[in-house]
Amino acid sequence: MFSKIIAQEKINKVADLIDKADKAVIVTHVSPDGDAIGSSLGLYHYLQDSGMEATVIVPNEFPYFLKWMKGAKDVLIHEKYPDFAAQLIADADMIFCLDFNVLSRIKAVGDLVKESKAKKVLIDHHPDPADFCDVTISHPEISSTSELIFRLICRMGDFEQMSKDSAESIYTGMMTDTGAFTYNSNSPEIYYIIGQLLLKGIDKDYIYSKVYHSYTADRYRMMGHTLSERMKIYENYGAALIWLNKDDQIKYHSQKGDTEGFANLPLSISGITFSVFLRQDTEKDMIKISLRSQGTFPCNTFAAQCFNGGGHLNASGGEFYGSLAEAIELFENTLDEYAELLITNKNNLDKR
Ligand code: 5GP
Ligand code: MN
């Protein structure tokens with residue numbers, strides 16, 4: 001067994017709401033990642049199997065390496081079908097908000113959720129959840145929302161009922177939010193849960209291969225270009241910056257998901273403990289920022305201060321409205337402000 005992380009009272013409330021509801025909508029954050037889609041589909045299969053009419057709605061398209069998942073083709077993309085999505089949200093008697101902490105993270109879907117009369121349940125692992133749901137299950141100490149979905153289903157007494165499809169989705173989210181269990185994954189209970197998922201018949205090697213061995217050659221060419229032509233190292237700070245402009249991405253036929261994992265790359269360099277990736281958006285006039293750190297350096301504080309963002313301590317993101325050159329300048333100036341924290345963090349890690 002695992003410890004009872006989610007309060008019993010919240011488990012009871014969610015079970016009661018599910019009992020009373022017929023139509024559920026599950027929403028997750030913009031540019032959905034493996035945990036967003038994994039947790040949503042994990043819950044989706046469970047609700048469907050319980051006899052509920054459930055739909056997953058995402059603000060925009062998600063990466064091709066998640067499309068193999070069972071139920072992925074039924075995920076409704078709000079950007080493509082705004083009226084249908086609005087109708088489903090208006091008709092729902094229950095809404096699950098997964099893997100995000102504030103309504104702005106679901107873009108235009110946020111207003112629809114806010115206006116809906118449905119009972120709302122937040123299940124998430126980002127710090128500082130906003131108060132917009134009837135039940136808020138927020139556990140930043142847990143490495144993925146998918147793990148929380150597993151815990152919820154089990155605590156409602158339904159492990160036996162959990163299908164292989166649900167288990168596969170949950171495993172995918174747990175795997176992707178921990179870089180295939182290479183960070184944020186020291187809790188022994190993660191491995192107990194994996195054991196339980198394997199008992200459901202999932203093939204973890206197949207899942208790994210579906211997610212991480214599905215890339216195009218162009219992605220790797222673009223990665224090579226980024227590391228050779230678009231990387232700057234700030235050795236004293238143990239920091240690195242990489243960036244891609246629009247033309248770079250056009251040249252390598254970049255598709256959604258092709259830059260997944262880029263932000264982590266500089267952390268593989270000895271002595272680098274803070275890495276930032278700036279990507280000029282190819283559609284909107286903005287720069288998307290991804291920040292990663294090792295140790296105690298707070299990426300989320302840095303992201304909030306200069307890039308209107310947030311996220312976790314070691315992995316966060318943000319947006320910048322301006323040119324790439326301006327974003328780089330802002331980054332470098334802010335880096336100087338964080339000099340002491342960066343150097344202390346680097347020294348602590350060097351000593352280990
Ligand atoms: P990624 O770099 O993979 O896009 O995101 C890493 C983490 O930062 C995720 O946990 C994600 O939820 C969070 N994040 C990414 N972009 C934003 C953003 O624009 N605003 C906020 N608040 N969080 C973000
Ligand atoms: Mn997550």
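Note that the coordinates shown come from a computational prediction; the quantities given were computed from them, not determined experimentally.

## Some words on the UniProt feature "domain: DDH" (unreviewed entry) in the protein chain
1) Next: UniProt records the feature "domain: DDH" (unreviewed entry) for residues 24–174 in the present numbering.
2) Next: Note that residues 24–174 is 36% helix and 19% strand, and that its end C-alpha atoms are spaced 23 Å apart.

## A closer look at the sheet that holds strand 2 (residues 53–58)
1) Next: With parallel pairing, six strands are arranged side by side in an open sheet as 3-2-1-4-5-6. Lying at the two open borders of the sheet, with one neighbouring strand each, are strand 3 (76–77) and strand 6 (135–138).
2) Next: As defined by bridge partners, strand 1 (residues 23–28) adjoins strand 4 (residues 94–98) across five bridges and the pair is classed as parallel. For Val25, the partnering residue across the bridge sits in strand 4 and is Ile95.

## Digging into the site of ligand 1
1) Next: Every residue near ligand 1 is listed here: Arg105, His126, Lys288, Ser290, Arg292, Gly309, Gly310, His312, Ala315, Ser316, Gly317 and Gly318.
2) Next: Arg292 places a polar side-chain atom, nitrogen or oxygen, 2.9 Å from an oxygen atom of ligand 1.
3) Next: Protein contacts shield 81% of the accessible area of ligand 1, which totals 490 Å² for the unbound molecule.
4) Next: Those elements giving two or more residues to the shell around ligand 1 turn out to be strand 10 (287–293) and strand 12 (315–320).

## Regarding the packing of helix 5 (residues 145–155) against helix 6 (residues 164–176)
1) Next: Look at helix 5 against helix 6: their axes get within 7 Å of each other, and the N-to-C directions meet at 140°. For the pair helix 5 and helix 6, contact is made by Ser146, Glu147, Ile149, Phe150 and Ile153 and by Ser166, Ser169, Ile170, Gly173 and Met174, respectively.

## Focus: helix 9 (residues 217–229)
1) Next: Spanning 13 residues, helix 9 covers 18 Å between terminal C-alpha atoms, matching the ideal 18 Å at 1.5 Å per step.
2) Next: All of the buried residues along helix 9 are Arg219, Met222, Met223, His225 and Thr226. Buried residues of helix 9 fall within an arc of 160° about the axis and therefore sit on the same side. Facing away from the buried side of helix 9 by more than 90 degrees, the exposed set consists of Arg221 and Ser228.
3) Next: Of the surrounding elements, those touching the buried residues of helix 9 are strand 7 (231–234), strand 8 (239–244) and helix 10 (246–251).

## Notes on the coordination of the manganese ion (ligand 2)
Reference geometry at the metal: tetrahedral coordination by four donors gives ideal angles of 109.5 degrees; octahedral coordination by six donors gives 90 or 180 degrees.
1) Next: Looking at the manganese ion (ligand 2), the protein donor atoms are Asp35 (OD), Asp99 (OD), His125 (NE2) and Asp177 (OD), and they sit 2.2 to 2.3 Å from it.
2) Next: Every donor residue of the manganese ion (ligand 2) comes from the same chain, spaced as D-x63-D-x25-H-x51-D. Taken as a pair, His125 in the loop between strand 5 (119–124) and strand 6 and Asp177 in the loop between helix 6 and helix 7 (188–199) lie far apart in primary sequence, 52 residues in all.
3) Next: Using a relative accessible area of 2% as the deciding quantity, one classes His125 as buried.

## Concerning the sheet that holds strand 10
1) Next: Taken in spatial order, the six strands line up as 7-8-9-10-12-11 in an open sheet, and their pairing is mixed. The open sheet terminates on both sides in strands that have one partner only, identified here as strand 7 and strand 11 (310–311).
2) Next: Its contacts with the sheet place helix 11 (residues 299–307) against strand 9 (274–280), strand 10, strand 11 and strand 12, and it is angled at close to 5° to strand 12.

## Focus on the packing of aromatic side chains
1) Next: Per the stated rule, a full pass over the model turns up 21 aromatic pairs.
2) Next: With a centroid separation of 4.5 Å and 50° between ring planes, the pair formed by Phe274 and Phe297 is classed as tilted. Placement of the pair is Phe274 in strand 9 and Phe297 in the loop between strand 10 and helix 11, with a sequence separation of 23 residues.
3) Next: What makes Phe274 buried here is its relative accessible area of 0%.
4) Next: Plain terms: the ring middles of Phe297 and Tyr338 are 5.7 Å apart, the flat faces sit at 70° to each other, and that makes the pair edge-to-face. Of the two residues, Phe297 sits in the loop between strand 10 and helix 11 while Tyr338 sits in the loop between helix 12 (324–337) and helix 13 (339–351), which places them 41 residues apart along the sequence.
5) Next: For Tyr338, a relative accessible area of 8% translates into the label buried.
6) Next: Three or more aromatic residues link up through ring pairs in this structure, and these residues are Tyr234, Phe274, Phe297, Phe302, Phe331 and Tyr338.
7) Next: Above the plane of the ring of Phe2 lies Arg151, whose end atom (NZ or CZ) is 4.8 Å from the centre.

Reading the values: rules and limits
Residues numbered from 1 in each chain as written. Chains lettered and ligands numbered in written order. Predicted model: local features only at pLDDT ≥ 70, side-chain atom pairs only at ≥ 80, totals over all residues. Heavy atoms only, no water. UniProt positions renumbered as here; feature names shortened; annotations may be inferred. Helix = DSSP H or I, 4+ residues; strand = E, 2+ residues; numbered from the N terminus. Pairing = 2+ DSSP bridges. Near = heavy atom within 4 Å. Polar contact = N/O pair within 3.5 Å; in protein donor to acceptor, adjacent residues only side chain to side chain. Areas by Shrake-Rupley, 256 points an atom, 1.4 Å probe, with all protein chains shown as cover. Axes fitted to C-alpha atoms, helices over the stretch in contact; angles between N-to-C directions. Contact = heavy atoms within 4.5 Å. Expected span 1.5 Å × (residues − 1). Buried < 20%, exposed > 50% of the residue type's maximum accessible area, 1.4 Å probe, protein only. Arc of directions from axis to C-beta. Donors = N, O, S within 2.8 Å, 3.2 Å for Na, K, Ca; no water. Phe/Tyr/Trp six-rings, centres within 6.5 Å; stacked < 30°, edge-to-face > 60°. Lys NZ or Arg CZ within 6 Å of the ring centre and 35° of its normal.

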